[in-house]
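Observations on the three-dimensional arrangement
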Amino acid sequence: MKLSLAFLCFISHCLCQEFEPIVLVHGGAGFTSDERDPEKFAGTKLAARIGYLALMETGSVLDAVEQAVRSMELDVGFNAGYGAVLTLNWTVEMDASIMDGRDLSAGCVSGVQDILHPISLARMVKDKTPHTFLSGVGLMEWARQQNVHILYPPGQMASERAKASLQAWLDSQAQNPGNTETFGEPGTVGAVAMDAFGNLAAATSTGGITGKYPGRVGDTPLLGSGTYADNRYGAVSTTGHGESIMKITLAKDIIARMAYLGLDVQNASMQSVEEMTEMLANTAGVIALDTVGNPGIYTSSGKMSWAYQRGEYVHYGIRPEDDFIENA
């Protein structure tokens, strides 16, 4: 008799002991000035706490990662939602994805405009359509049919910080065509979580990169690149240079290193990111959980804000050597 993946995972969890729930978030990999560290710490700690509270209240890892990411989509200090960077046309186009490790169901969206919470739209795609990925004009029309709140007049998602960053990027291109220096808020935001029964979920949301072509899609909405969750192996959310992350399928590569090479979550994350950086000369960052809730946190970008709550404590940092702890 052929058994479904979801049923096998359910039986496995019934036979296992309970796990200690955890919600782990990142606020994007890439350089920011040290003066902004407190802002990053505040945003990621708040997101971890909000996600953990949702997990405790509803018991749902999907609620946990969605609510954690929504918190960062409201924060202009992150490149997602209201903090999203601008395209060459001075518009905001956002991507997001969410994945359930129990049955591999997922929702992915790209080209989101004038919607404050792309991550919730991605979850709606997962829960309310027969599809996994919707994009562009079709996605926006479907969102209207679902009565999703779309800001009017258009353009309200473009923050003053994002406008200044695009202008700085345009000025740099005028002075030095082809300059690859990055401007604007680096990276992406994401969350991974585990509940008391070992169920996993992952979610990721981004505005992309400053000065991107309209219509550009990065790694964030691509399963296996920006987001992946599978109860059998782990959960991952990535951030960094999207074009490179796509080529490596970074999230799935980390999962594969744990599943088939037997690496622990930290070494799998580190080795995968470093291999990408060596091969493609671009950086990335990841957060990950293994099947018992051990966290993996690594970046080759120098900085990546992160935080997680487990029990009564919140751990957080932004540099590789950081591990600050405070009461939740």
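A brief structural summary. (Residues numbered from 1 in each chain as written. Predicted model: local features only at pLDDT ≥ 70, side-chain atom pairs only at ≥ 80, totals over all residues. Heavy atoms only, no water.)

**What to know about the sheet that holds strand 4 (residues 133–135)**
Condition: One requirement defines pairing of two strands: DSSP has to find at least two bridges between them. The secondary structure listing takes helices from DSSP runs of H or I that are at least 4 residues long and strands from runs of E that are at least 2 residues long, numbered from the N terminus. The axes are straight lines fitted to the C-alpha atoms, using for helices just the contacting stretch, and the angles between their N-to-C directions are given from 0 to 180°.
Judged by pairing direction, the sheet is mixed, and its nine strands sit side by side in the order 4-3-2-6-5-1-11-12-13 without closing on themselves. Bordering the open sheet on either side are strand 4 and strand 13 (324–327), each of which pairs with just one other strand. Averaged over neighbouring strand pairs, the angle between their axes works out to 10 degrees when direction is ignored. Direction of pairing for strand 2 (residues 94–100) relative to strand 3 (residues 106–112): antiparallel, over a ladder of five bridges. Note that in strand 3 the partner of Met99 across the bridge is Ala106.

**Topic: helix 6 (residues 160–175)**
To keep things clear, this is the line we draw: One less than the residue count of a helix, multiplied by 1.5 Å, gives the span that helix is expected to have. Each residue's exposure class comes from its accessible area (1.4 Å probe, protein chains only) as a fraction of the maximum for that residue type: buried when under 20%, exposed when over 50%, partly exposed otherwise. Throughout, the arc means that of the directions going from the helix axis to the C-beta atoms.
Helix length check: helix 6, at 16 residues, gives a terminal C-alpha distance of 23 Å against a target of 22 Å (1.5 Å per residue), a fit within 8%. Restricting attention to buried positions, one finds in helix 6 the residues Ala162, Ser165, Leu166, Trp169, Ser172 and Gln173. Buried residues along helix 6 cover an arc of 120 degrees about the axis, so they all sit on one side. The outward face of helix 6, more than 90 degrees from its buried face, is lined by the exposed residues Glu160, Ala174 and Gln175.

**Some words on the packing of aromatic side chains**
Selection criterion: Aromatic rings from Phe, Tyr and Trp, with only the six-membered ring used for Trp, were paired whenever their centres fell within 6.5 Å, and each pair was classed as stacked if the ring planes differed by under 30 degrees, edge-to-face if by over 60, and tilted otherwise. Any Lys NZ or Arg CZ that is within 6 Å of a ring centre and within 35 degrees of that ring's normal is treated as a charge sitting over the ring.
Following the criterion strictly, the structure yields five aromatic pairs and no others. An angle of 75 degrees between the planes, with centres 5.9 Å apart, marks the rings of Phe41 and Phe324 as edge-to-face. With Phe41 in helix 2 (residues 37–58) and Phe324 in strand 13, this residue pair connects regions lying 283 residues apart in the sequence. The class for Phe324 is partly exposed, based on a relative accessible area of 36%. Centroid distance Trp306 to Tyr308: 6.1 Å. Interplanar angle 20 degrees. Geometry classified as stacked. For Tyr308, a relative accessible area of 9% corresponds to the buried category. The ring of Tyr316 carries the charged tip of Lys45 above its face, separated from the ring centre by 4.4 Å.

**Overview of the nonpolar core**
Our working rule: We call a set of buried residues a nonpolar core when its members are Ala, Val, Leu, Ile, Met, Phe, Trp, Tyr or Cys and they connect through side-chain atoms within 4.5 Å of each other.
Core analysis: the biggest nonpolar cluster contains 50 residues, and Val23, Val25, Val109, Leu121 and Leu139 have the highest contact counts within it. Counting residues per element, this core draws most heavily on helix 3 (residues 61–73), which supplies seven residues. Listed in part, the 35 residues of the second largest apolar core include Ile22, Ile254, Val273 and Ile287.

**Observations regarding the layout of surface pockets**
How we decide: Lining residues are defined by having an atom within 4 Å of a point belonging to a cavity or pocket. Those points lie on a 1 Å grid over the protein atoms alone, cavities being sets where a 1.4 Å probe fits but cannot get out and pockets being open sets with protein on both sides within 12 Å along at least five of seven lines. Grid points are joined across faces, edges and corners, and a volume is the space filled by probe spheres set on the points. Polarity classes work like this: nonpolar for Ala, Val, Leu, Ile, Met, Phe, Trp, Tyr, Cys and Pro, charged for Asp, Glu, Lys and Arg, and polar for all others, with Gly in that last group.
Each pocket or cavity is described by its volume, and for the second largest pocket that value is around 190 Å³. Around the second largest pocket, the lining residues are Gln266, Ile297, Tyr298, Thr299, Met304, Trp306, Tyr308, Ile318, Arg319, Pro320, Asp322 and Asp323. Counting only elements with at least two residues in the lining of the second largest pocket, the list comes to strand 10 (295–299) and strand 11 (304–310). Looking at the lining of the second largest pocket residue by residue, the classes come out as seven nonpolar, two polar and three charged.

**Considering helix 3**
The following threshold applies: Here, residues are in contact when the closest pair of their heavy atoms is within 4.5 Å. Each polar contact in these results corresponds to two N or O atoms within 3.5 Å; when the atoms are within protein, one needs to be able to donate a hydrogen and the other to accept it, and residues that are neighboring in sequence are counted only if both atoms are side-chain atoms.
The first and last C-alpha atoms of helix 3 sit 18 Å apart over 13 residues, in line with the 18 Å expected at 1.5 Å per residue. Within helix 3, eleven of the 13 residues are buried, leaving the element largely enclosed by the surrounding structure. Within the span of helix 3, buried status applies to Val61, Leu62, Asp63, Ala64, Val65, Glu66, Ala68, Val69, Ser71, Met72 and Glu73. Tucked inside the fold, the buried residues of helix 3 contact strand 1 (22–29), helix 2, strand 2, helix 4 (118–128), strand 5 (189–194) and strand 6 (200–206). Among the residues of helix 3, the N-terminal cap falls to Ser60, whose side-chain oxygen and the backbone nitrogen of Leu62 are separated by 3.3 Å.

**Here we look at the packing of helix 4 against helix 5 (residues 136–145)**
Spelled out, the test is: If an angle is under 35 degrees, it is roughly parallel; if it is over 145, roughly antiparallel; if it lies from 65 to 115, roughly perpendicular; otherwise it is oblique.
With their axes 12 Å apart at the nearest point, helix 4 and helix 5 run at an angle of 80 degrees to one another. Here helix 5 runs roughly perpendicular to helix 4, going by the angle between their axes. Facing Leu121, Met124, Val125 and Lys128 of helix 4, the residues of helix 5 in contact are Leu139, Trp142 and Ala143.

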